[in-house]
Amino acid sequence: MGAPARESSIDLYWIPLGAGGRVVRWNGRLYEAISSRCSGRPAAALYHSALIVGDRSHSYTIEMAPVWNLKATQRGVVRVGPVGARWLGRFRLFRYEVRCWQGGFIPDIAEAVDSPQRVSSDEGRVRRVMTLVRSAPPLTWGRDELRVGDMWNSNSLVSWLLACSGHDMAAVTPPGGGRAPGWDAGLALAERGDQTTTQARLDHVDV
């Protein structure tokens, strides 16, 4: 008797910003301290999000991360974009990757909080996410090129994918008391529905 069919799934992971790295952790705390003071609110824990998507035969890790944070030769890179400024994308140190990695892993997943969160078991939404990730707009990480008051980053990619694939985004939130900088940028782009136009007017950054 054969093995049972794998269930379609989209699982969301919330990883504390800077898990496994002191520099990113302290930079994140400094950013949040300044941001919270300017906004007149208490400082919150910051999170980075990633997805593990499963179809009937395989699972795929979907994440946006700096080019240099993994040394694996094959890591499912489907898009590349610049970090900090578009011209800096000429240099490997200032590039990020969008990965859709079959059988891949999320660095520091052991430190994820309240995770995984199963956001869908719908086969159609799984297919939609897998299609969308390959056309993610290569906006500049850390910049507000959309003019929405929030910077583009890894959280933007995840919220854009989930919103564009029909999820109820009011039900998808970081762990209690936490924040996911960049999340609103992805939602804003999804609401506009203009990702194709956005891509067309941005210069492509070669791997």
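To keep things clear, this report deals only with the structure shown in the data block. Note that the structure is predicted; figures quoted are calculated from it, not measured.

Thoughts on the overall build of the chain
Looking only at helices and strands, the chain has five helices and seven strands in total. From first element to last, N terminus to C terminus, the chain shows the α and β order β-α-β-β-β-β-β-α-α-β-α-α.

Let's talk about the packing of helix α2 (residues 123–132) against helix α3 (residues 154–164)
Viewed as axis vectors pointing N to C, α2 and α3 meet at an angle of 135°, and their least axial separation amounts to 9 Å. It follows from the interaxial angle that α2 and α3 lie oblique. Relative to α3, the crossing made by α2 is right-handed. Between α2 and α3, the contacting residues are Arg128, Val129 and Leu132 on the first element and Trp160, Leu161 and Cys164 on the second. Class assignment of the residues belonging to the contact of α2 with α3 gives a composition of five nonpolar, no polar and one charged.

What about the pattern of salt bridges?
For the coordinates displayed, the defined rule picks out six salt bridges. Across the pair Arg118 and Glu7 runs a salt bridge whose closest N-O atoms are separated by 3.7 Å. With Arg118 in strand β6 (residues 117–120) and Glu7 in the segment before β1 (9–16), this pair connects stretches of sequence that are 111 residues apart. Note that Arg99 and Glu97 form a salt bridge whose closest N and O atoms lie 2.8 Å from each other. Members of the salt-bridge network, linked through shared partners, are Glu7, Asp11 and Arg118.

Let's talk about the packing of α3 against helix α4 (residues 183–192)
Axis separation between α3 and α4 bottoms out at 7 Å; the angle between their running directions is 35°. Remark: the crossing between α3 and α4 carries right-handed chirality. The residues of α4 that touch α3, namely those facing Asn155, Ser156, Val158, Ser159, Trp160, Leu162, Ala163 and Cys164, are Trp183, Ala185, Gly186, Leu187, Leu189 and Ala190. By residue class, the composition of the contact of α3 with α4 is ten nonpolar, four polar and no charged.

Describing unusual backbone geometry
Following Ser115, the chain continues to Pro116 via a peptide bond in cis, the omega torsion being 0°. Structurally, Pro116 can be placed in the loop between β5 (95–102) and β6. Positive phi outside glycine occurs at Asp108, with the angle close to 65°. Its place among the elements puts Asp108 in the loop between β5 and β6. In the Ramachandran plot, Arg147 falls in the positive-phi region, its phi being about 60° despite a non-glycine side chain. Tracing the chain through its elements places Arg147 in the loop between α2 and α3.

A few points about the pairing of strand β3 (residues 59–66)
Of all eight residues making up β3, six are buried, and the element is well covered by its neighbours. As paired elements, strand β2 (residues 45–54) and β3 share four bridges and run antiparallel to each other. Bridge assignment links Val53 to a residue of β3, and that residue is Tyr60. A loop of four residues connects β2 with β3, the two strands running antiparallel in sequence. Note that β3 and β5 share seven bridges and pair antiparallel. Of the residues in β5, the one forming a bridge with Pro66 is Tyr96.

With respect to the packing of aromatic side chains
Counted by the stated rule, this structure contains four aromatic pairs. Their ring planes at 75° and their centres at 6.5 Å tell us that Trp14 and Tyr47 sit as a pair that is edge-to-face. Of the two residues, Trp14 is situated in strand β1 and Tyr47 in strand β2; the sequence distance between them amounts to 33 residues. Taken individually, Trp14 and Tyr47 each receive the classification buried, so the pair is uniform in this respect. Considering the side-chain rings of Trp14 and Trp183, the 5.2 Å spacing of their centres and the 45° angle between planes classify their relative orientation as tilted.

So, how was this worked out
- Residues numbered from 1 in each chain as written.
- Predicted model: local features only at pLDDT ≥ 70, side-chain atom pairs only at ≥ 80, totals over all residues.
- Heavy atoms only, no water.
- Helix = DSSP H or I, 4+ residues; strand = E, 2+ residues; numbered from the N terminus.
- Axes fitted to C-alpha atoms, helices over the stretch in contact; angles between N-to-C directions.
- Parallel < 35°, antiparallel > 145°, perpendicular 65-115°, else oblique.
- Left-handed = near helix turned anticlockwise from the far one by under 90°.
- Contact = heavy atoms within 4.5 Å.
- Nonpolar A, V, L, I, M, F, W, Y, C, P; charged D, E, K, R; others polar.
- Salt bridge = Lys/Arg side-chain N within 4 Å of Asp/Glu carboxyl O.
- Buried < 20%, exposed > 50% of the residue type's maximum accessible area, 1.4 Å probe, protein only.
- Pairing = 2+ DSSP bridges.
- Phe/Tyr/Trp six-rings, centres within 6.5 Å; stacked < 30°, edge-to-face > 60°.

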